[in-house]
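Listed below, chain by chain, are the residues.
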Amino acid sequence: MQVVLNNWTLLLAGLFNTIQLSVQVILFGTLVGLIGGTLLLFGHPVIRTIVRAYVDIVRGTPLLVSIFLIFYGIPALGIPMPAFSAAVIALTVFAGGHMSEIVRGAVGSVPGGQTEAAMAIGLVFAQRLQYVVFPQAVRRMIPPWVNLCVELIKGSTLVSLVSVTDLMLSTRQVLERTAQPVPFYILLAIVYFVLCYGFGRLGGQLERRFAYYD
Amino acid sequence: MYITRWEVVWENLPTLLAGLVLGLEVSVGSIMVGGIIGLLAAFARTSSNRVLQQVVAGYVEFVRNLPLLLIIFFVYYGLPQFGIRFLDNVGSLVLALAVYSGAYLTEIFRAGILAVSKGFQEAGKSIGLTQFQVARFVTMPLMFRIVLPSLSNTLISLFKDTSLGAAIAVPELTYAGMVLNTNTWRILESWSAIGALYLATCYGLAFMMRRVERHYASWA
């Protein structure tokens, strides 16, 4: 207990990094997913094939392997980059692939009659998406989106393996000075549970808020 | 300029493939242990005992909101502090993955049990089967066919999750890649080759499981 108190600034810095990383990855990943999912449905066939390949590759490889490839690969190509940004990019590539599939599924599940009705009243493609299809798709997107976000918060611990000091790594650095890892792991479990469960509950609220469209 | 040297991958292919096989073994082992946990927990969750229901619900919620890496570290570094010292790193990984997947499997099995129509269980009861016999000979065979597609998905994600074993030096594919990188520093070649191996194996598993599903669907 004394060790936790003595090193609380380190642990807090780790927690701050974890939250910052998660927030950035969720934002950028959602953005990539919205673009990717739209391209999967409405893109030019060549672009569609490329995006499909990206999505399938990301979904078929472990996150840790993508992290190693991107985190060490970018500097290997001669592009200098701070560790934290490389971690954000690696997780965003992963998040974007999964998010694209969620967006594709949600947008694709809006009945075709809606698009036809929108065409009939003379809306152009962008307007159809903006006013008719997306508002209905968002509602279906939220439950899997929340699940993915929780997975991303959990997955952010993997950057500790490429020595980005998130909460996991900062705690492990502190606990290695003691012979008592268990209290630290329990502390970690509580913090991560609160983060993930809290996000899940927040997502539940969001779901109810958007259920209005039903 | 980055000059690729793919021979590094070819020369070390046997090590990589050995790691791949270990990963498959670990995922099959942990889905079996996790399946037993999930099955027991799912029957407890659907039983009429309120306390059991709450305990299982707590287990599922807790584990599903924890990072897998934390569970692995806890099992590997934490359990010995409680006197559980007989697990090596592979055993720890299997146990951690089993506990982790057990929570997801509980939910899958629970949904499967609830999807079996009540009439079958009532029919079983009416021909004089005990509660256990109804669960074992009526509900379970029907449920398995319903949950088989979800089981395939769980197996595939478990196989991908075995990559976290690298964190506790389990010599599976990702760890073999880390060693390869330390020895040769051919980053792009080795990690893209490993990614391709994972990808191919996942698709192979999906193809195989689809055939299993079709086989059982034929006499459903």
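Since we're looking at a predicted model, the values are computed, not measured.

**Side note on the overall build of chain B**
So, step 1. When helices and strands are tallied, chain B shows nine helices and zero strands.
So, step 2. In chain B, the succession of α and β elements from N to C terminus is α-α-α-α-α-α-α-α-α.
So, step 3. Based on the C-alpha atoms only, the size of chain B along its principal axes is roughly 75 × 45 × 30 Å.
So, step 4. Taking all 220 residues of chain B together, the buried fraction comes to 40%.
So, step 5. In chain B, once contacts between residues fewer than 6 apart in sequence are set aside, the share between residues at least 24 apart is 78%.

**Topic: the overall build of chain A**
So, step 1. Helix and strand counts for chain A stand at nine helices and zero strands.
So, step 2. Going residue by residue from the N terminus, the α and β elements of chain A occur as α-α-α-α-α-α-α-α-α.
So, step 3. Structurally, chain A occupies a C-alpha span of about 70 × 45 × 25 Å along its principal axes.
So, step 4. When burial is assessed residue by residue, chain A has 38% of its 214 residues classed as buried.
So, step 5. In chain A, the proportion of contacts linking residues at least 24 apart, taken out of those at least 6 apart, comes to 74%.

**With respect to the interface of chain B and chain A**
So, step 1. Taken together, the contact pairs 30 residues of chain B with 29 residues of chain A.
So, step 2. For the side of chain B that touches chain A, the secondary structure elements donating two or more residues are helix 4 (68-78), helix 8 (173-184) and helix 9 (187-217) of chain B.
So, step 3. With ten residues, helix 9 of chain B is the single largest residue contributor to the side of chain B that touches chain A.
So, step 4. A class-by-class count of the residues in the side of chain B that touches chain A yields 21 nonpolar, eight polar and one charged.

**A look at the packing of helix 7 (residues 125-155) of chain A against helix 9 (residues 181-210) of chain A**
What describes two packed helices is the angle between their axes and the distance between those same axes.
All names here are of chain A.
So, step 1. Direction vectors running N to C along helix 7 and helix 9 enclose 175°, while the axes themselves pass 9 Å from each other. Considered as vectors, helix 7 and helix 9 are oriented roughly antiparallel to each other. In this structure, helix 7 contributes Val138, Arg139, Ile142, Pro143, Val146, Cys149, Val150, Ile153 and Lys154 to the contact, and helix 9 contributes Leu195, Cys196, Phe199, Gly200, Gly203, Leu206, Glu207 and Phe210.
So, step 2. When its residues are assigned to classes, the contact of helix 7 with helix 9 shows twelve nonpolar, two polar and three charged.

**So, the environment of Pro80 of chain B**
All names here are of chain B.
So, step 1. Examined against the element boundaries, Pro80 turns out to sit in the loop between helix 4 and helix 5 (89-115).
So, step 2. A count of 15 C-beta atoms within 10 Å places Pro80 in the partly exposed class.
So, step 3. Counting along the chain gives 59 residues from Pro80 to Thr139, while the straight-line C-alpha distance between them is 39 Å.

**What to know about the nonpolar core**
So, step 1. By size, the foremost hydrophobic cluster in this structure holds 109 residues, and its most contacted members are Ile71 and Ile72 of chain B.
So, step 2. In contact with Ile72 of chain B, other than residues within four places in its own chain, are Ser92, Leu93, Ala96, Leu164, Ala167 and Ile168 of chain B.

**Describing the environment of Pro181 of chain A**
So, step 1. With respect to the secondary-structure elements, Pro181 of chain A resides in helix 9.
So, step 2. Setting aside its immediate chain neighbours within four residues, Pro181 of chain A contacts Leu175 of chain A together with Tyr77, Gly78 and Gln81 of chain B.

**Overview of helix 3 (residues 50-64) of chain B**
Residues and elements named next belong to chain B.
So, step 1. Its 15 residues give helix 3 an end-to-end C-alpha distance of 21 Å, which sits within 8% of 21 Å, the value for a rise of 1.5 Å per residue.
So, step 2. When helix 3 is considered as a whole, its buried residues turn out to be Val56, Val60 and Arg64. Each buried residue of helix 3 sits inside an arc of 55° when the element is viewed along its axis, so together they form one side. Turned more than 90 degrees off the buried face of helix 3, the exposed positions are Arg50, Val51, Gln54 and Gly58.
So, step 3. Next to the buried residues of helix 3 lie helix 2 (13-45) and helix 5.

**A few points about the packing of helix 9 of chain A against helix 4 of chain B**
So, step 1. Two elements in contact, helix 9 of chain A and helix 4 of chain B, have axes separated by 10 Å at closest approach and are oriented at 165°. When the interaxial angle is binned, helix 9 of chain A and helix 4 of chain B end up roughly antiparallel. Viewed along their axes, helix 9 of chain A and helix 4 of chain B form a crossing whose handedness is left-handed. Contacts between helix 9 of chain A and helix 4 of chain B pair Pro181, Val182, Tyr185, Leu188, Ala189 and Tyr192 of chain A from the former with Leu70, Phe73, Phe74, Tyr77 and Gly78 of chain B from the latter.
So, step 2. Each residue belonging to the contact of helix 9 of chain A with helix 4 of chain B can be placed in one class, and the counts come to ten nonpolar, one polar and no charged.

**Some words on the confidence of the model for chain A**
The predicted coordinates ought not to be read in detail in places where the model reports low pLDDT.
So, step 1. Averaged over chain A, the pLDDT score is 90; the fraction of residues at 70 or greater is 98%.
So, step 2. The secondary-structure element of chain A with the lowest mean pLDDT is helix 1 (residues 2-6) of chain A, recorded at 73, while helix 3 (residues 45-60) of chain A shows the highest, at 95.

**Some remarks on helix 4 of chain B**
So, step 1. The buried count for helix 4 of chain B comes to ten of eleven residues, which makes it a mostly enclosed element.
So, step 2. Looking at helix 4 of chain B, one finds that the buried residues are Leu68, Leu69, Leu70, Ile71, Ile72, Phe73, Phe74, Val75, Tyr76 and Gly78 of chain B.
So, step 3. For helix 4 of chain B, the elements touching its buried residues are helix 7, helix 8 (167-175) and helix 9 of chain A together with helix 5 and helix 7 (131-161) of chain B.

**Examining the confidence of the model for chain B**
So, step 1. Scored by pLDDT, chain B has a mean of 91; 98% of the residues are at 70 or more.
So, step 2. Model confidence for the complex: the whole-complex pTM is 0.90, and ipTM, which rates the interface, is 0.90.

**Structural notes on unusual backbone geometry**
So, step 1. Positive phi, normally seen in glycine, also occurs at Ser163 of chain A, with a value near 55°.
So, step 2. Secondary-structure assignment places Ser163 of chain A in the loop between helix 7 and helix 8.
So, step 3. A positive phi is found at Ala169 of chain B, a non-glycine position, where the angle reads about 60°.
So, step 4. Locating Ala169 of chain B in the fold gives a position in the loop between helix 7 and helix 8.

Thresholds, definitions, all that
Residues numbered from 1 in each chain as written. Chains lettered and ligands numbered in written order. Predicted model: local features only at pLDDT ≥ 70, side-chain atom pairs only at ≥ 80, totals over all residues. Helix = DSSP H or I, 4+ residues; strand = E, 2+ residues; numbered from the N terminus. Buried ≥ 20, exposed ≤ 12 C-beta atoms within 10 Å, placed from the backbone. Contact = placed C-beta atoms within 7 Å. Nonpolar A, V, L, I, M, F, W, Y, C, P; charged D, E, K, R; others polar. Axes fitted to C-alpha atoms, helices over the stretch in contact; angles between N-to-C directions. Parallel < 35°, antiparallel > 145°, perpendicular 65-115°, else oblique. Core = buried A, V, L, I, M, F, W, Y, C linked by C-beta atoms within 7 Å. Expected span 1.5 Å × (residues − 1). Arc of directions from axis to C-beta. Left-handed = near helix turned anticlockwise from the far one by under 90°. pLDDT = per-residue confidence, 0-100.

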